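# Tertiary structure, described
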Amino acid sequence: MRKRIVTPTPATVQTRGEGWLDLEHAATVEIASEDKDFPIESSLSIEPSQGWRAAEPGAQTIRLLFDQPQELKRISLVFEEDEMARTQEFVLRALSNPGAFREIVRQQWNFSPPTSTRESEEYRVELSEVTVLELTIVPDISGGAAHASLKTLHLS
């Protein structure tokens, strides 16, 4: 399943709460899979919510295509897993205009419920002219049947 939400682009995109970019008005999101009860919009919203989850197990990619090139200074990611022990890996990459994809971070995290259930990452970056931000999640590097999920993704 592919999803693309297109909205009119205002002359300027406002930031919301703590200076976070209002992604609803600044970008189109592409995803390969989505659980109908956990839509991608809930992980990109500034308001607290349940987050996104893939409908299918295995690696998933979330791609933000910005309406206008963006200058990014901060990236915040939160992942949660309350049910199964697993090692997740994610890769965050950015495409600047002009240029090729640049890897920002590649990280693994061991979820081990009930004690280690939340991964919260915040990165200070200096990225200019970003046209695409891509997050690839491998929910279980051992190849298990885990579903990728993302509690929040915020940018400023």
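Up top is the structure these notes are about.
What you see as residue numbers is a count from 1 along each chain, following the sequence as written. For this predicted model, a pLDDT threshold of at least 70 governs which residues receive local features, and a threshold of 80 or more governs which side-chain atom pairs are given and counted, while totals over whole chains, interfaces and linings are taken from all residues. Side-chain figures throughout are based on the complete set of non-hydrogen atoms in the structure, without hydrogens or water.

The next thing to look at is the pairing of strand 5 (residues 60-80). Of the strand pairs in this sheet, strand 3 (residues 27-31) and strand 5 are connected by five bridges, and their pairing is antiparallel. Considered in strand 5, the bridge of Ile31 is made with Ile62. Here a strand pair is declared whenever DSSP counts at least two bridges between the two strands. The numbering of helices and of strands both runs from the N terminus, where a helix is a DSSP run of H or I of at least 4 residues and a strand a run of E of at least 2. Here 15 bridges tie strand 5 to strand 8 (residues 118-138), and the two strands are oriented antiparallel to one another. Looking across to strand 8, one finds that Gln70 is bridged to Val130.

Here, a salt bridge means any Lys or Arg side-chain nitrogen found within 4 Å of an Asp or Glu carboxyl oxygen. Under the criterion given, the structure shown has 12 salt bridges. Glu71 is the partner of Lys73 in a salt bridge, and the nearest nitrogen-oxygen pair spans 3.0 Å. Put simply, Glu134 and Arg93 hold a salt bridge, and the shortest N to O gap is 2.8 Å. Residue Glu134 is located in strand 8, and its partner Arg93 is located in strand 6 (residues 86-96); the two are separated by 41 residues in the primary sequence. Relative accessibility decides the category of a residue: with a 1.4 Å probe and only protein chains considered, values under 20% of the type maximum give buried, values over 50% give exposed, and everything between is partly exposed. Among the residues examined, Glu134 registers a relative accessible area of 6% and is labelled buried. Residue Arg93 is classed as partly exposed on the basis of its relative accessible area, which comes to 27%. Connected through salt bridges with shared partners, the residues Glu30, Arg63, Arg93 and Glu134 form a single ionic network.

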